[in-house]
Amino acid sequence: MKRKVGYTWKLREIMADRRIYTATELVPLLRERGIDLSASQVHRLVSGTPERLSLQVMSALCDILSCTPADLVTTTAENAGVRKTATGDLPTPPSGAEKFRPRPARILPDA
């Protein structure tokens with residue numbers, strides 16, 4: 001069975017816990033640690049969820065915020081659902097579904 005994996009980026013919450021509220025406050029702290037990112041790059045890092053991140057940036061963020069990588073990234077994994085096939089394998093209807101089917105109409109002749 002396949003597994004679906006994902007992650008949650010929690011940089012903004014950890015920054016708020018440490019009373020760092022804007023990305024511009026983070027820029028000089030990163031520069032002190034040798035990470036030279038533009039203000040827009042840091043803003044994207046704070047406001048979005050990065051797909052790729054260098055370990056040096058991750059290490060600098062952990063040092064600035066006094067946290068671990070596990071605090072910044074929460075991972076999830078769950079079993080992926082079974083894909084439906086086009087071969088006609090239809091799922092069985094739930095029990096009691098016949099109650100919801102319409103009854104055929106009876107047409108009576110005009111009297």
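Cut-offs and rules
Residues numbered from 1 in each chain as written. Predicted model: local features only at pLDDT ≥ 70, side-chain atom pairs only at ≥ 80, totals over all residues. Heavy atoms only, no water. 1 Å grid on protein atoms, 1.4 Å probe; cavity = no way out; pocket = protein on both sides within 12 Å on 5 of 7 lines; lining within 4 Å. Points joined across faces, edges and corners; volume = space filled by probe spheres on them. Buried < 20%, exposed > 50% of the residue type's maximum accessible area, 1.4 Å probe, protein only. Helix = DSSP H or I, 4+ residues; strand = E, 2+ residues; numbered from the N terminus. Arc of directions from axis to C-beta. Contact = heavy atoms within 4.5 Å. Axes fitted to C-alpha atoms, helices over the stretch in contact; angles between N-to-C directions. Parallel < 35°, antiparallel > 145°, perpendicular 65-115°, else oblique. Left-handed = near helix turned anticlockwise from the far one by under 90°. Nonpolar A, V, L, I, M, F, W, Y, C, P; charged D, E, K, R; others polar. Salt bridge = Lys/Arg side-chain N within 4 Å of Asp/Glu carboxyl O. Polar contact = N/O pair within 3.5 Å; in protein donor to acceptor, adjacent residues only side chain to side chain. pLDDT = per-residue confidence, 0-100.

Considering only enclosed or pocket space, the largest pocket measures out at about 180 Å³ in volume. In terms of lining, the largest pocket is formed by Leu37, Gln41, Arg44, Leu45, Pro50, Arg52, Leu53, Ser54 and Val57.

Time to look at helix 3 (residues 39-47). All buried positions along helix 3 are accounted for by Val42, Leu45 and Val46. One face of helix 3 carries all of its buried residues, which in axial projection span an arc of 95 degrees. For helix 3, the secondary structure elements touched by its buried residues are strand 1 (3-9), helix 1 (11-17), helix 2 (23-32) and helix 4 (55-65).

At their nearest, the axes of helix 2 and helix 3 sit 9 Å apart, and the two run at 115 degrees to each other. Classified by the angle between their axes, helix 2 and helix 3 sit roughly perpendicular to one another. The crossing of helix 2 and helix 3 is right-handed. In contact with Ala23, Leu26, Val27 and Leu30 of helix 2, helix 3 contributes Ala39, Val42, His43 and Val46. When the residues that make up the contact of helix 2 with helix 3 are grouped by side-chain class, the tally is seven nonpolar, one polar and no charged.

With that settled, the discussion passes to the pattern of salt bridges. Here the structure, examined in full by the defined rule, presents three salt bridges. A salt bridge links arginine 31 to aspartate 36; the nearest nitrogen and oxygen atoms lie 2.8 Å apart. On the accessibility criterion, arginine 31 (47% relative accessible area) is partly exposed. A network of salt bridges, in which partner residues are shared, links Glu32, Arg33 and Asp63.

With respect to the helices and strands, threonine 22 occurs in the loop between helix 1 and helix 2. Polar contacts involving the side chain of threonine 22 include one to the side chain of threonine 24, which spans 3.1 Å. A polar contact of 3.2 Å, which involves the side chain of threonine 22, links it to the side chain of glutamate 25.

Residues with a pLDDT of 70 or more make up 85% of the protein chain, whose mean pLDDT is 86. When pLDDT is averaged over each helix and strand of the protein chain, the minimum, 89, is found for strand 2 (residues 73-79) and the maximum, 95, for helix 4.

For residues that are not glycine, phi is negative in most cases, and the peptide bond is trans in most cases. In this structure, arginine 19 takes a positive phi of about 60 degrees despite not being glycine. Along the polypeptide, arginine 19 turns up in the loop between helix 1 and helix 2. On the basis of relative accessible area, arginine 19 is assigned to the exposed category, the value being 64%. Although it is not a glycine, serine 66 sits at a positive phi angle of roughly 50 degrees. Mapped onto the secondary structure, serine 66 falls in the loop between helix 4 and helix 5 (69-72). Accessibility expressed as a relative area gives 62% for serine 66, which makes it exposed.

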